[in-house]
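# Topology and contacts: notes
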Amino acid sequence: MGRSSKDKRDIYYRLAKEEGWRARSAFKLLQLDEEFRITLYIFKLLKSHHAVDLCAAPGSWSQVLSRKLRGKGSSEEVKIVAVDLQAMAPLPGVTQIQGDITKISTAQEIIRHFEGQSADLVVCDGAPDVTGLHDVDEYIQAQLLLAALNITTHVLKPGGNFVAKIFRGKDVTLLYSQLKIFFTSVTCAKPRSSRNSSIEAFVVCQNYSPPEEYVPNMSNPLLDHSYDVDFNQLEGPNRIIVPFLACGDLSAFDSDRTYPLQLDSSKEYQYLPPTQPPIQPPYQQACHLRKNKLLANEDSPSVFLDGALSAMSL
Ligand code: SAM
């Protein structure tokens, strides 16, 4: 397969390179913003511009925030903090924290960057490394969303908004009800750039209003399976049904379609490399091992097996 074949199969991957975004996910936030006016809202109503991008690497959502917010306010007013476990190439006007969103120290560092003030907007496109075991992946994604909600309760100002990736799996009703405890409005949205074949969607949570006397606490994941309840059977007033919205202009490209390389007759197709290749990606070690023929095979005990065993014991 040629290097342009991904450009054919994934129109948003190709457009991201053409428009200078670090990842195709940029279009997801752009389309959510088009529908919900998230960045306009924080500028107009909250009058300040403190935004946090959780799980930010390689940084396309931070690019969107920077472009949208800096386009509106003066650059001194705009503060954007990006957090990720992985290192991220620098982005002008974005402060980076290489850290874990499940840690209180990360929340404290964010607040320090805002000089004691709270954030107006928190976004999170967090995804764990997928295992391919759907139930496990859904569960870990739910935990990551709850960790994002937890850290958000430490840093978001009342009235602020929270946007996060969610998997519409079997715990989704419980997740909605937990989000509804903290926000007056919760909507589930699916941007056109998110593939239909994926259970990925985004929750747009507006108007942060935590319960009175709620004390933010990092140590308690809210999703607690010890209650032993079938959460999707929550009934009566406990049943939370959130609106679902497909967003992105109907004329927008369809992420599930394959497009010809020549999109229109006026512009010749040209292959472009990715805008910003990841720095220190987690697969770097695997590439190194493969290149040096150190990967496991039947004759030699595996370096990877050792790694896998120690990972399993974590
Ligand atoms: N929104 C990003 C963009 O537009 O460039 C893409 C984010 S990528 C899909 C998911 C990211 O979540 C990964 O970079 C991963 O390192 C990060 N992540 C996963 N768990 C995390 C955690 N506990 N703390 C911080 N980052 C985490």
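## Structural notes on the overall build of the protein chain
Helix and strand counts for the protein chain stand at 10 helices and eight strands. Per-residue burial over the protein chain gives 45% buried out of 314 residues. Contacts in the protein chain between residues far apart in sequence, at least 24 positions, make up 74% of those at least 6 positions apart. For the protein chain, the accessible area works out to roughly 16,800 Å², and carbon and sulfur atoms hold 54% of it.

## Some points on the pattern of salt bridges
It is possible for side chains bearing opposite charge to pair when their charged atoms get close. Applying the stated criterion to the full structure yields 11 salt bridges. Asp-120 is paired through a salt bridge with Lys-157; the nearest N and O atoms lie 2.7 Å apart. Residue Asp-120 is found in strand 4 (residues 119–124), and its partner Lys-157 is found in strand 5 (residues 156–167); the two are separated by 37 residues along the sequence. Residue Asp-120 is classed as buried on the basis of its relative accessible area, which comes to 0%. Bridged by salt links that share partners, the residues Lys-28, Asp-125, Lys-165 and Glu-200 form one connected network.

## Thoughts on unusual backbone geometry
In this model, Ala-57 is joined to Pro-58 through a cis peptide bond whose omega is 5°. In this fold, Pro-58 is placed in the loop between strand 1 (49–54) and helix 5 (60–70). A positive phi angle is found at Cys-55, which is not glycine, with a value near 60°. Secondary-structure assignment places Cys-55 in the loop between strand 1 and helix 5. The class for Cys-55 is buried, based on a relative accessible area of 18%. Although it is not a glycine, Glu-213 sits at a positive phi angle of roughly 65°. Tracing the backbone through its elements, the reader meets Glu-213 in the loop between strand 7 (200–208) and strand 8 (244–247). Taking the relative accessible area as the measure of exposure, Glu-213 reaches 74% and is therefore exposed.

## Regarding the sheet that holds strand 6 (residues 183–191)
The sheet built from eight strands is open, its strands ordered 3-2-1-4-5-7-6-8 with mixed pairing. Two strands bound the open sheet, and with one partner strand each, they are strand 3 (94–98) and strand 8. Here the average twist between neighbouring strands, direction ignored, is 20°. Bridge count between strand 6 and strand 7: six bridges; the pairing is antiparallel. Of the residues in strand 7, the one forming a bridge with Phe-183 is Tyr-208.

## What to know about the side chain of Asp-137
Relative to the assigned elements, Asp-137 resides in helix 7 (residues 134–155). The exposure class assigned to Asp-137 is buried, which follows from its relative accessible area of 8%. Filtering out sequence-adjacent residues up to four positions away, Asp-137 remains in contact with Asp-129, Val-130, Thr-131, Gly-132 and Phe-167.

## Thoughts on the site of the ligand
The local shell around the ligand holds 19 residues, among which Gly-59, Ser-60, Asp-84, Asp-100 and Asp-125 are the closest. A distance of 3.3 Å separates an oxygen atom of the ligand from a polar backbone atom of Ala-57. For the ligand, an oxygen atom lies 3.1 Å from a polar atom in the side chain of Gln-86. In isolation the ligand offers 600 Å² of accessible surface; the protein chains occlude 86% of this area. Counted by class, the shell around the ligand contains 10 nonpolar, six polar and three charged residues.

## Thoughts on helix 8 (residues 172–182)
Counting buried positions along helix 8 gives nine out of 11 residues, so the element sits mostly inside the fold. Among all positions in helix 8, only Val-172, Thr-173, Leu-174, Leu-175, Tyr-176, Ser-177, Gln-178, Leu-179 and Phe-182 are buried.

## A word on the nonpolar core
Leu-54, Ile-101, Ile-110, Phe-162, Phe-183 and Val-203 are the most contacted members of the largest nonpolar core, which totals 40 residues. Here this core gets nine residues from one element, more than from any other, and that element is helix 7. With near-sequence residues (within four places) excluded, Leu-54 lies in contact with Val-83, Ile-101, Ile-110, Val-122, Val-123, Cys-124, Asp-125, Gly-126, Ala-148, Ile-151 and Thr-152. Residues Tyr-12, Trp-61, Ile-80 and Tyr-259 belong to the second largest nonpolar core, which totals 33 residues.

Criteria and thresholds
Residues numbered from 1 in each chain as written. Predicted model: local features only at pLDDT ≥ 70, side-chain atom pairs only at ≥ 80, totals over all residues. Heavy atoms only, no water. Helix = DSSP H or I, 4+ residues; strand = E, 2+ residues; numbered from the N terminus. Buried < 20%, exposed > 50% of the residue type's maximum accessible area, 1.4 Å probe, protein only. Contact = heavy atoms within 4.5 Å. Areas by Shrake-Rupley, 256 points an atom, 1.4 Å probe, with all protein chains shown as cover. Salt bridge = Lys/Arg side-chain N within 4 Å of Asp/Glu carboxyl O. Pairing = 2+ DSSP bridges. Axes fitted to C-alpha atoms, helices over the stretch in contact; angles between N-to-C directions. Near = heavy atom within 4 Å. Polar contact = N/O pair within 3.5 Å; in protein donor to acceptor, adjacent residues only side chain to side chain. Nonpolar A, V, L, I, M, F, W, Y, C, P; charged D, E, K, R; others polar. Core = buried A, V, L, I, M, F, W, Y, C linked by side-chain atoms within 4.5 Å.

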